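One-letter residues, chain by chain:
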Amino acid sequence: MDTTDVVIIGAGIVGLSTAYAITQASPGTRVTVLEKERGPARHQTGHNSGVIHSGIYYKPDSLKARFAVQGAAEMVKFCTEHDIPHEVTGKLIVATERDELPRLHALVQRGRENGIPVRELGPAQIAEYEPRVWGLAAIHVGTTGICDFGAVATTLARLATDAGADIRYGAEVTAIIRRGPDVLVGSTAGSLRSRSLVNCAGLHSDRVARLAGDHPPVRIVPFRGEYYALTPPRSGLVRGLVYPVPDPAFPFLGVHLTRDVHGGVHLGPNAVPALAREGYHRRTIRARDVADTVRFPGTWRVARRHWRYETSEIARSLSKRAFTASVRRLLPEVRPEDLIPAASGVRAQAVHRDGTLVDDFLFSGSAPFTHVLNAPSPAATASLPIGREIADRALAALQTA
């Protein structure tokens, strides 16, 4: 049995940032990352929109607000230093209905409370940024950008490895046993003995916590985010990033328009229940995942609370015309034939038993365990400061071992 100081489960951007942060904060600490896939960033990290979020949406003093604002600046610097494709594009948040105006003004105030520069725009000023976009009013957020988060994760893996970390792919964790001050971790690539364990398993983080003998206060309920892309001849309809005013009662941002670092424009996502935790396709069904979701009381309480919202999401999923109609609120010229299907992602949404959706990043566990139980968007943006936060917790666990 090999021996290490810290085991990290999961080689997404958060797990790899944590490994890199440990090697920087405590050189010589032995770090081993276990990843069940054959490479890094195969799930949430590799299936997102590539947006560097500003932090404007999040409650002041929340972990999301603090880490997103800090992380956005750090991510741009990291991409610059390591020659990773990126661009600080800015974005528009656009109100298309009068009843959205109070929420838009509330976002202006929230942005200022979070230290984010925002500019309020009228219809003529919207056209200066996005000539084909229509709205009653908007705000411009200058610190939003785009990058290739898969490339960021690959770079973090290389930096962590160069600093002495051991990253093992094809290593699915099958057992976690507490043995005195040590943790024994069994995987499909062998067994390890360590004194600190970090659970960055994303879509499976609650299961890993239970495997470790803990009782997480939440369950992961997967939502698939479905996207279309504009056909190349129509990609010029959108210059940068355009978002609707979000509904504060739901954690998703609505159908938005996102230019990526390769010049394409993605539209979406829909947020529909997934029938598998890795259900990137509508027809992907995993009986265990469905059973876990159906048996969990929080699932049904979420459904009762948000059924109107979710019904509209499902309608857009099933009908390209319904999806196009939603896009046309922001981009009136778009037609169904302008849209082609694009890759989907799955959000690991943590839900309490009472049906409350976890709104902030959530860490739990006591030494020797650190469980990252909720780290969806903007976790990629915030991954560098999140990694340092988790690293501090993992290193503190070593001191108590």
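Rules and cut-offs
Residues numbered from 1 in each chain as written. Predicted model: local features only at pLDDT ≥ 70, side-chain atom pairs only at ≥ 80, totals over all residues. Heavy atoms only, no water. Helix = DSSP H or I, 4+ residues; strand = E, 2+ residues; numbered from the N terminus. Rg over C-alpha atoms; globule rule 2.2 N^0.38 Å. Buried < 20%, exposed > 50% of the residue type's maximum accessible area, 1.4 Å probe, protein only. Lys, Arg positive; Asp, Glu negative; His and termini not counted. Charge placed at Lys NZ, Arg CZ, Asp CG, Glu CD. Pairing = 2+ DSSP bridges. Axes fitted to C-alpha atoms, helices over the stretch in contact; angles between N-to-C directions. Contact = heavy atoms within 4.5 Å. Patch = residues over 30% accessible without salt bridge, like charges linked within 9 Å, V, L, I, M, F, W, Y side chains within 5 Å. Areas by Shrake-Rupley, 256 points an atom, 1.4 Å probe, with all protein chains shown as cover. Salt bridge = Lys/Arg side-chain N within 4 Å of Asp/Glu carboxyl O. Polar contact = N/O pair within 3.5 Å; in protein donor to acceptor, adjacent residues only side chain to side chain. Nonpolar A, V, L, I, M, F, W, Y, C, P; charged D, E, K, R; others polar. Parallel < 35°, antiparallel > 145°, perpendicular 65-115°, else oblique. Left-handed = near helix turned anticlockwise from the far one by under 90°. Core = buried A, V, L, I, M, F, W, Y, C linked by side-chain atoms within 4.5 Å. Phe/Tyr/Trp six-rings, centres within 6.5 Å; stacked < 30°, edge-to-face > 60°. Lys NZ or Arg CZ within 6 Å of the ring centre and 35° of its normal.

I keep staring at the overall build of the protein chain and nothing clicks. Help me out?
Counting secondary structure elements, the protein chain contains 10 helices and 21 strands. Taking 2.2 N^0.38 as the reference for a compact globule, 401 residues should give roughly 21 Å; the C-alpha atoms of the protein chain span a radius of gyration of 21 Å, in line with that estimate. Across its three principal directions, the C-alpha atoms of the protein chain cover 65 × 45 × 35 Å. Looking at the protein chain as a whole, 57% of its 401 residues qualify as buried. Computing the positive centroid from 48 side-chain charges and the negative centroid from 39, the protein chain places the two 5 Å apart.

In this structure, what is going on with the sheet that holds strand S3 (residues 31-35)? I would like to understand it.
Remark on secondary structure: sheet strands pair via backbone hydrogen bonds, oriented parallel or antiparallel. With mixed pairing, 6 strands are arranged side by side in an open sheet as S10-S3-S2-S14-S21-S20. Since the sheet does not close on itself, it has two edges, and those belong to strand S10 (166-169) and strand S20 (362-364), each with one partner. The sheet shows a mean angle of 15° between the axes of neighbouring strands, taken without regard to direction. Strand direction decides the pairing type here: strand S2 (residues 6-9) and S3, joined by 4 bridges, are parallel.

Just to check I follow, could you spell out the environment of Arg347 for this structure?
Relative to the assigned elements, Arg347 resides in strand S19 (residues 339-352). When its relative accessible area of 13% is taken as the criterion, Arg347 is described as buried. Along the primary structure Arg347 and His47 are separated by 300 residues, whereas in three dimensions their C-alpha atoms are 9.3 Å apart.

What's the story with the sheet that holds S19 in this structure? I'm lost.
One open sheet accounts for 8 strands, arranged S7-S8-S6-S16-S17-S18-S15-S19; its pairing is mixed. Each of the sheet's edge strands pairs with one partner strand only, and the pair in question is strand S7 (118-121) and S19. Neighbouring strand axes in the sheet, compared pairwise and without regard to direction, differ in orientation by 25° on average. Two elements, strand S6 (residues 91-95) and strand S16 (residues 241-244), share 4 bridges in a ladder whose sense is parallel. From the neighbouring strand, Val94 faces S16, where its bridge partner is Pro244. Here helix H3 (residues 101-113) sits on the sheet in contact with S6, S7 and strand S8 (137-141), set at roughly 20° to S8.

Quick question: what am I supposed to make of a positive patch on the surface here?
Residues Arg301, Arg304, Arg305 and Arg353 make up a contiguous surface patch of positive charge. In this fold, Arg353 is placed in the loop between S19 and S20.

Looking at this structure, how should I read the side chain of Thr29?
Structurally, the position occupied by Thr29 is in the loop between helix H1 (13-25) and S3. By relative accessible area, Thr29 is classed as buried at 14%. Looking at Thr29, its side chain comes within polar contact range of the side chain of Ser26, at 2.6 Å.

Just checking my understanding: could you explain the packing of helix H8 (residues 297-318) against helix H9 (residues 320-328) for this structure?
Angle between the axes and distance between the axes: these two values describe a pair of packed helices. Packing of H8 against H9 leaves a shortest axis separation of 5 Å and a crossing angle of 115°. In contact with Ala315, Arg316 and Leu318 of H8, H9 contributes Lys320, Ala322, Phe323 and Ser326. Along the lines of polarity and charge, the residues of the contact of H8 with H9 split into 4 nonpolar, 1 polar and 2 charged.

What's the story with the pairing of S6 in this structure? I'm lost.
Residues in a regular strand project their side chains so that they alternate between the two faces of the sheet. The buried fraction of S6 amounts to 5 of the 5 residues, a majority that puts the element mostly inside the structure. Of the pairings in the sheet, the one linking S6 to S8 comprises 5 bridges and is antiparallel in character. By the bridge assignment, Ala95 is partnered in S8 with Ala137.

Explain the packing of H1 against helix H10 (residues 383-400) to me, please; I cannot follow it from the model alone.
Put simply, H1 and H10 touch, their axes get as near as 7 Å, and they point 60° apart. Here H1 lies oblique to H10, going by the angle between them. Note that H1 runs across H10; the crossing there is right-handed. Of the residues in H10, those in contact with Ile13, Val14, Ser17, Thr18, Ala21, Ile22 and Ala25 of H1 are Ser383, Leu384, Ile386, Gly387, Arg388, Ile390, Ala391, Ala394 and Leu395. Across the contact of H1 with H10, the residue classes break down as 11 nonpolar, 4 polar and 1 charged.

Would you explain the nonpolar core in this entry?
Nonpolar side chains in soluble globular proteins tend to end up buried together. Ranked by size, the top nonpolar core spans 44 residues in total, and within it Ile8, Val152 and Ile386 carry the most contacts. Elements supplying a minimum of two residues to this core: S2, H1, S3, helix H2 (63-81), helix H5 (149-162) and H10. Discounting chain neighbours no more than four positions away, the residues touching Ile8 are Gly15, Thr18, Ala19, Ile22, Val31, Thr32, Val33, Leu34, Val198 and Cys200. Counting residues in hydrophobic clusters, the runner-up holds 22 residues, among them Ile56, Ala65, Ile93 and Tyr243.

Looking at this structure, how should I read the packing of aromatic side chains?
Aromatic ring pairs are defined here through the distance separating the ring centres and the angle between the ring planes. Per the counting criterion, the structure on display carries 2 aromatic pairs. Both rings, one in Tyr57 and one in Tyr58, keep their centres 6.2 Å apart while their planes meet at 70°; by these two values the pair is edge-to-face. For the pair Tyr57 and Tyr58, a shared accessibility class is recorded, and that class is buried. For the cation-ring pair, Lys91 lies above Tyr243, with the distance from its terminal atom to the ring centre recorded as 3.9 Å.

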